[in-house]
Amino acid sequence: MSKKDEKKHKSAPLIGIDIGGTGIKGGIVDLKKGKLIGDRFRIPTPQPATPESVAEVVAQIVEELSSRPDAPAADAPVGLTFPGIIQHGVVRSAANVDKSWLDKDIDALLTARLGRPVEVINDADAAGLAEARYGAGAGVNGTVLVITLGTGIGSAFIFDGKLVPNAELGHLEIDGFDAESKASAVARERDGLSWEEYSVLLQRYFSHVEFLFSPELFIVGGGISKRSDEYFPHLKLRTKIVTAELKNDAGIVGAALEVALNRKLAE
């Protein structure tokens, strides 16, 4: 392969798919810009979300995206996110999907179903990787922690632009409780907390994480990041804290980026 062809090969778009508890969405990712080419395509997550039923939905999404003019080559790898711990392609936790996923080799299952290479990454890790490369963490050296506040607390640990996978910082124990059981966005709604009351819990959480890891930057994602003006002013931290930039595309972009980096299809 000539240097020109190799460069073109590395910059080619890839398909990324984000598997969630309520929806599975995918898109074609421009890896130079970290943006989607065309619209996302979404199908509701099947119930129950068994490996076989989810694999079928993923196949439908890949088929639709592959029919588009800007689609990658038919044998190009596909990157996917999954809402659980992924270790060497195997699911090690399954909070929002069917328990039959536990210890399932998701890489092998989807590679066989799609007939093309597939690599799977934890959903928070994917979002963090995308933010670190294309979003609020671009160009930041040292430790960047991406924290998503939603049903639980998701996290991604980035060091010098590289992902340290499966950092489950939402499960740190604070005051005898899992942090996410008290400080997630859902916990705020469940307990009827005002933003100021919620900020006290977030202060405890972020101060603890700050003490443990001394990050250069906190990036806050999840739907609640749109309301950051309600709680950021109440937080007193040494570390700079900002909102995520890629929003709902972060998982899709990060999934494609991970497979590209692993296969040296991106610089």
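Quick note: structure is the one above.
Residues numbered from 1 in each chain as written. Predicted model: local features only at pLDDT ≥ 70, side-chain atom pairs only at ≥ 80, totals over all residues. Heavy atoms only, no water.

Caption draft 1: Geometry of the packing of aromatic side chains. On inspection of all chains with the given rule, the structure shows 8 aromatic pairs. With centroids separated by 6.3 Å and ring planes inclined at 80 degrees, the aromatic side chains of tyrosine 198 and tyrosine 231 adopt a geometry described as edge-to-face. Of this pair, tyrosine 198 sits in helix α7 (residues 195-213) while tyrosine 231 sits in the loop between β13 (217-221) and β14 (240-243), placing them 33 residues apart in sequence. Assessed through its relative accessible area of 0%, tyrosine 198 is described here as buried. Classification of tyrosine 231 as buried rests on a relative accessible area of 0%. An aromatic cluster is present here, built from Trp195, Tyr198, Tyr231 and Phe232 joined pairwise through their rings. Over the ring of phenylalanine 177 we find lysine 182; its NZ or CZ atom is 4.3 Å from the centre of that ring. Looking at arginine 188, its charged tip hangs above the ring of tryptophan 195, at a distance of 3.9 Å from the centre. (Phe/Tyr/Trp six-rings, centres within 6.5 Å; stacked < 30°, edge-to-face > 60°. Helix = DSSP H or I, 4+ residues; strand = E, 2+ residues; numbered from the N terminus. Buried < 20%, exposed > 50% of the residue type's maximum accessible area, 1.4 Å probe, protein only. Lys NZ or Arg CZ within 6 Å of the ring centre and 35° of its normal.)

Caption draft 2: How the structure looks around the sheet that holds strand β4 (residues 78-82). One open sheet holds the 5 strands; their spatial order is β3-β2-β1-β4-β7, and the pairing between them is mixed. The two strands at the open ends of the sheet, each matched to only one other strand, are β3 (35-44) and β7 (118-122). With strand direction ignored, the average angle separating the axes of adjacent strands in the sheet is 20 degrees. Across 6 bridges, the pairing between strand β1 (residues 14-19) and strand β2 (residues 23-30) is antiparallel. (Pairing = 2+ DSSP bridges. Axes fitted to C-alpha atoms, helices over the stretch in contact; angles between N-to-C directions.)

Caption draft 3: Focus on the pattern of salt bridges. Taken as a whole and assessed by the stated rule, the structure comprises 10 salt bridges. Here lysine 25 and aspartate 18 are joined by a salt bridge, their closest N and O atoms 3.3 Å apart. One exposure class covers both lysine 25 and aspartate 18, and it is buried. (Salt bridge = Lys/Arg side-chain N within 4 Å of Asp/Glu carboxyl O.)

Caption draft 4: The arrangement of the side chain of asparagine 122 in detail. Mapped onto the fold, asparagine 122 is located in strand β7. Separated by 2.9 Å, the side chain of asparagine 122 and the backbone oxygen of glycine 84 make a polar contact. A distance of 3.0 Å separates a polar atom in the side chain of asparagine 122 from the backbone nitrogen of alanine 124. If we ignore the near neighbours within four places in the chain, the residues touching asparagine 122 are Phe82, Gly84, Ile85, Ile86, Asn166 and Glu168. (Polar contact = N/O pair within 3.5 Å; in protein donor to acceptor, adjacent residues only side chain to side chain. Contact = heavy atoms within 4.5 Å.)

Caption draft 5: Just the pairing of β4, in detail. Within β4, 5 of the 5 residues are buried, which leaves it mostly tucked inside the rest of the structure. Going residue by residue along β4, you find Val78, Leu80 and Phe82 tucked away on one face and Gly79 and Thr81 tucked away on the opposite face as well. Where β1 meets β4, 4 bridges bridge the pair, whose relative direction is parallel. Opposite aspartate 18, over in β4, you have threonine 81 as the bridge partner. Sheet topology places β4 next to β7; 5 bridges connect them, and they run parallel.

Caption draft 6: Inspection of the sheet that holds strand β8 (residues 143-149) at higher detail. Pairing is mixed in the open sheet, where 5 strands are placed in the order β10-β9-β8-β13-β14. Both outer strands of the open sheet, β10 (162-164) and β14, are each paired with one neighbouring strand and no more. Going across the sheet, the axis of each strand differs from the next one's by a mean of 30 degrees, ignoring polarity. Bridge count between β8 and strand β9 (residues 153-159): 7 bridges; the pairing is antiparallel. In the strand pairing of β9, valine 144 is matched with isoleucine 158. Across the sheet, helix α4 (residues 123-134) is in contact with β8, β9, β10 and β13; its angle to β9 comes to roughly 45 degrees. Where α7 meets the sheet, its contacts fall on β8, β9, β13 and β14, and the angle it forms with β8 comes to roughly 155 degrees.

That's the geometry; what it means functionally is another story.
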